[in-house]
Amino acid sequence: MCALTFAALTVMVAVLCLPPRQIQGAFVPPAFDGEALIGTPSVPEGLGYRILEREGMAYRVGICGKVEVKAGRATVFLTNPSDNTVWLKLRIYDRRGNILGESGLVRPGEYLPTVALHPGRDTKGMTFKIMSYEKDTYQSLGAITVTPAVSDGDTED
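Conventions we followed
- Residues numbered from 1 in each chain as written.
- Predicted model: local features only at pLDDT ≥ 70, side-chain atom pairs only at ≥ 80, totals over all residues.
- Heavy atoms only, no water.
- Core = buried A, V, L, I, M, F, W, Y, C linked by side-chain atoms within 4.5 Å.
- Buried < 20%, exposed > 50% of the residue type's maximum accessible area, 1.4 Å probe, protein only.
- Helix = DSSP H or I, 4+ residues; strand = E, 2+ residues; numbered from the N terminus.
- Contact = heavy atoms within 4.5 Å.
- Polar contact = N/O pair within 3.5 Å; in protein donor to acceptor, adjacent residues only side chain to side chain.
- Salt bridge = Lys/Arg side-chain N within 4 Å of Asp/Glu carboxyl O.

Next up on the list: the nonpolar core. Counting 25 residues, the largest nonpolar core has Val 76, Leu 78, Leu 90, Ile 92, Met 126, Phe 128 and Ile 130 as its most contacted members. Mapped onto this core, the elements with two or more residues apiece are β3 (61–63), β4 (66–70), β5 (73–80), β6 (86–93), β8 (110–116), β9 (127–134) and β10 (140–146). Here the element with the most residues in this core is β6; it accounts for four residues. If sequence neighbours within four positions are ignored, Leu 78 has contacts with Val 61, Gly 62, Ile 63, Lys 89, Leu 90, Ser 103, Val 106, Glu 110, Tyr 111, Leu 112 and Ile 130. Formed by five residues, the second largest nonpolar core is a distinct cluster that contains Trp 87, Leu 105, Tyr 133 and Tyr 138.

Okay, structure coming up:
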């Protein structure tokens, strides 16, 4: 009886000491954004549009520094310059870290003027996360975070 109890305790301690198994679902590649346009955008003045280019970054990206929210859409002008070799995706967060909206993938030489937002969410204090993916493999090539100003005019609360 003692041997059986000792064996059971040994197995229990061994199981408790093992690292927890992480179960991951199958990777589902993001779709390409059907609203992306080919070319270089003509961005209205006052939106603070600029091309971001940082040392050590494998790509460049165009984005607005000021966002207008109208009719449930954020004006962002996410641009993937034609000389890039990555696919880009934009995710928009609220100040609490909840996802407000996101784009599909944008190919080099394409741009996305607006992104649809989830209705009824607070858009003040939003943050952009721009993610990059290696073509065909979908391996991440890094992400950058941008905190734009949000226009007061038609901002949803």
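Here we take up the side chain of Asn 80. Inspection of the secondary structure puts Asn 80 in strand β5. Using a relative accessible area of 1% as the deciding quantity, one classes Asn 80 as buried. A polar side-chain atom of Asn 80 sits 2.6 Å from a polar atom in the side chain of Asn 84. Sequence-distant contacts of Asn 80, defined by excluding residues within four places in its chain, comprise Val 86, Trp 87, Leu 88, Val 106, Arg 107, Pro 108, Gly 109 and Glu 110.

This part is about the environment of Leu 47. Checked against the element boundaries, Leu 47 lands in the loop between β1 (37–38) and β2 (50–52). On the basis of relative accessibility, which here comes to 4%, the residue Leu 47 falls in the buried class. Considering only alpha carbons, one finds Leu 47 and Val 76, 29 residues apart in sequence, at a separation of 8.5 Å. When neighbours within four sequence positions are excluded, Leu 47 is seen to be in contact with Cys 64, Gly 65, Lys 66, Glu 68, Thr 75 and Phe 77.

The next thing to look at is the pattern of salt bridges. Tallying each qualifying case throughout the model produces seven salt bridges. Where Glu 68 meets Lys 70, a salt bridge forms, and the shortest distance between an N and an O atom there is 3.7 Å. A salt bridge links Asp 122 to Arg 95; its shortest N-O distance comes to 2.2 Å. Here Arg 95 lies in the loop between β6 and β7 (99–102) and Asp 122 lies in the loop between β8 and β9, a separation of 27 residues in the sequence. The network of salt bridges with common partners includes Lys 89, Arg 91 and Glu 102.

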